[in-house]
Amino acid sequence: MRKLIAIALMLLPLSGAAQEFAARTSVGGDYKIVKGLHLGIEEEVRIDDGFSGLDDLRTTVDLSYKVGKNFKIGGGYTLINPYKLSSSTFGAPRHRVFVDATASYRAGDFQFSLKEKLQFTHRTDDSLNVYQKTRNALSLKSRVGVKYKGFYDWEPFVYFEARTALNDPWGTVSGSLQYTETSSRPYYSYTHTGYTHVYFNRFRLNLGTDWSPSKSHNFSFGLLADYCSDYVVDTNGPSSWSTKGVRLFADNTGWIDTFRLSLCVGYQYKF
């Protein structure tokens, strides 16, 4: 694990992506309603790049059911409250609903798992540029992982996750420069053709360990490496974005790349 973390840190400066360092912490509870059926609640706090302040608050309520020994299904709702450091106020909330399914297999002291999570996120920001972001985003998260259960109360784990955007904005861009009547700033003619862009836009590697000193208490410690690449269309003309992490083509379409390392600490109480 130490070698994997060292490799991630060495590759970070070599990447053209914008580099960020952040943190997230969470407190939650897990209530057993009946055998196999659990109700969960969690409050997560995310700290912004460079530990400069609050990024957002996330409140999640979910329900899960263990169908068999190696299969579990679930679903839930998350309220996301983004925080604006510039104005020291909370922004427009986002509402997220999700369903997931997890298959697991144990071989000796190792437990392997595959999780598929389909989520729908509704943005309520009135100023949202719908040519660059979807108000109702649909995405699929696919996660594979392995956890070692050979110790008494420590369970090291490694998870890798890929997220697929299922309905990002898409359009066509003409090859000739256009000009507005009030400004000489050129732009490329863009025709929005709908929300049909499907592509991988995020990859995550999570290294850490769970610690359960008793049946009721579980702590989680980890390092999350998060690479995100979002397709964008600069509908306002030649980009004024920072060139760091931005790959623009001649027609002012392109990609914004970010690489974020987050320290993660969580606690869960099981009823």
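The model shown is predicted, which means the values in this text are computed figures rather than measured ones. (Residues numbered from 1 in each chain as written. Predicted model: local features only at pLDDT ≥ 70, side-chain atom pairs only at ≥ 80, totals over all residues. Heavy atoms only, no water.)

On to the overall build of the protein, then. Counting its secondary structure elements, the protein contains one helix and 13 strands. Counting helices and strands in the order they occur from the N terminus, the protein gives α-β-β-β-β-β-β-β-β-β-β-β-β-β. Sequence-distant contacts, at least 24 apart, represent 55% of the contacts inside the protein between residues at least 6 apart. Of the roughly 15600 Å² of accessible surface on the protein, 60% is carried by carbon and sulfur atoms. (Helix = DSSP H or I, 4+ residues; strand = E, 2+ residues; numbered from the N terminus. Contact = heavy atoms within 4.5 Å. Areas by Shrake-Rupley, 256 points an atom, 1.4 Å probe, with all protein chains shown as cover.)

It is worth spelling out a positive patch on the surface at this point. A cluster of like positive charges, contributed by Lys66, Lys69, Lys72 and Arg106, occupies part of the molecular surface. Inspection of the secondary structure puts Lys66 in strand S3 (residues 54-68). (Patch = residues over 30% accessible without salt bridge, like charges linked within 9 Å, V, L, I, M, F, W, Y side chains within 5 Å. Salt bridge = Lys/Arg side-chain N within 4 Å of Asp/Glu carboxyl O. Lys, Arg positive; Asp, Glu negative; His and termini not counted. Charge placed at Lys NZ, Arg CZ, Asp CG, Glu CD.)

Right, let's talk about the pairing of strand S13 (residues 253-270) for a bit. As defined by bridge partners, strand S1 (residues 18-34) adjoins S13 across 13 bridges and the pair is classed as parallel. Across the sheet, residue Ala23 finds its bridge partner in S13, namely Leu263. Pairing analysis gives 17 bridges linking strand S11 (residues 217-233) to S13, with the strands arranged antiparallel. Each residue of the ladder has a partner; that of Tyr231, found in S13, is Trp255. Bridge count between strand S12 (residues 246-248) and S13: three bridges; the pairing is antiparallel. In the sheet register, Arg247 faces S13, and the bridge partner there is Trp255. (Pairing = 2+ DSSP bridges.)

Moving on, we get to the pattern of salt bridges. Overall, the coordinates contain eleven salt bridges when judged by the stated rule. Taking the shortest distance from any N to any O, the salt bridge between Glu161 and Arg204 comes out at 3.6 Å. Of this pair, Glu161 sits in strand S9 (residues 154-179) while Arg204 sits in strand S10 (residues 186-211), and the two are 43 residues apart along the sequence. Both residues of the pair, Glu161 and Arg204, count as buried. Linked by salt bridges that have partners in common, Glu20, Asp48, Asp55 and Arg260 make up one network. (Buried < 20%, exposed > 50% of the residue type's maximum accessible area, 1.4 Å probe, protein only.)

This next bit is on a nonpolar patch on the surface. On the surface, Tyr31, Ile33, Val34, Leu39, Ile41, Val61, Leu63, Tyr269 and Phe271 cluster together into a nonpolar patch covering about 820 Å² of accessible area. When residues of the nonpolar patch are traced back to their parent elements, those giving at least two are S1, strand S2 (37-47) and S3. Here the element with the most residues in the nonpolar patch is S1; it accounts for three residues. Position of Phe271 relative to the elements: it lies in the segment after S13. Given a relative accessible area of 60%, Phe271 falls into the exposed group.

In this section: unusual backbone geometry. In this structure, Phe51 takes a positive phi of about 55° despite not being glycine. You can see Phe51 is positioned in the loop between S2 and S3. Residue classification places Phe51 among the partly exposed positions, given a relative accessible area of 46%.

Glancing now at the packing of aromatic side chains. Applying the stated criterion across every chain yields a total of 14 aromatic pairs. Centre to centre, the rings of Tyr31 and Phe271 are 6.3 Å apart; their planes meet at 70°, and the pair counts as edge-to-face. Note that Tyr31 is positioned in strand S1 and Phe271 in the segment after S13, a separation of 240 residues in sequence. With a centroid separation of 6.3 Å and an interplanar angle of 20°, the aromatic rings of Phe160 and Phe203 are classed as stacked. Of this pair, Phe160 sits in strand S9 while Phe203 sits in strand S10, and the two are 43 residues apart along the sequence. (Phe/Tyr/Trp six-rings, centres within 6.5 Å; stacked < 30°, edge-to-face > 60°.)

Put simply, the protein has an average pLDDT of 87, and 83% of its residues get 70 or more. Note on residues 7-14: pLDDT is under 50 here. Beyond four places in sequence and across chains, it has six contacts. (pLDDT = per-residue confidence, 0-100.)

This brings us to the side chain of Lys147. Here Lys147 is to be found in strand S8 (residues 136-148). Residue class for Lys147 comes out buried when judged on its relative accessible area of 14%. Polar contacts involving the side chain of Lys147 include one to the side chain of Asp210, which spans 2.8 Å. (Polar contact = N/O pair within 3.5 Å; in protein donor to acceptor, adjacent residues only side chain to side chain.)

Turning next to the side chain of Ser229. Tracing the chain through its elements places Ser229 in strand S11. Judged by relative accessible area, Ser229 falls into the buried class, the value being 10%. A polar contact of 2.7 Å, which involves the side chain of Ser229, links it to the side chain of Asp257. Sequence-distant contacts of Ser229, that is, excluding residues within four places in its chain, are made with Tyr199, Phe200, Asn201, Arg247, Trp255, Ile256 and Asp257.

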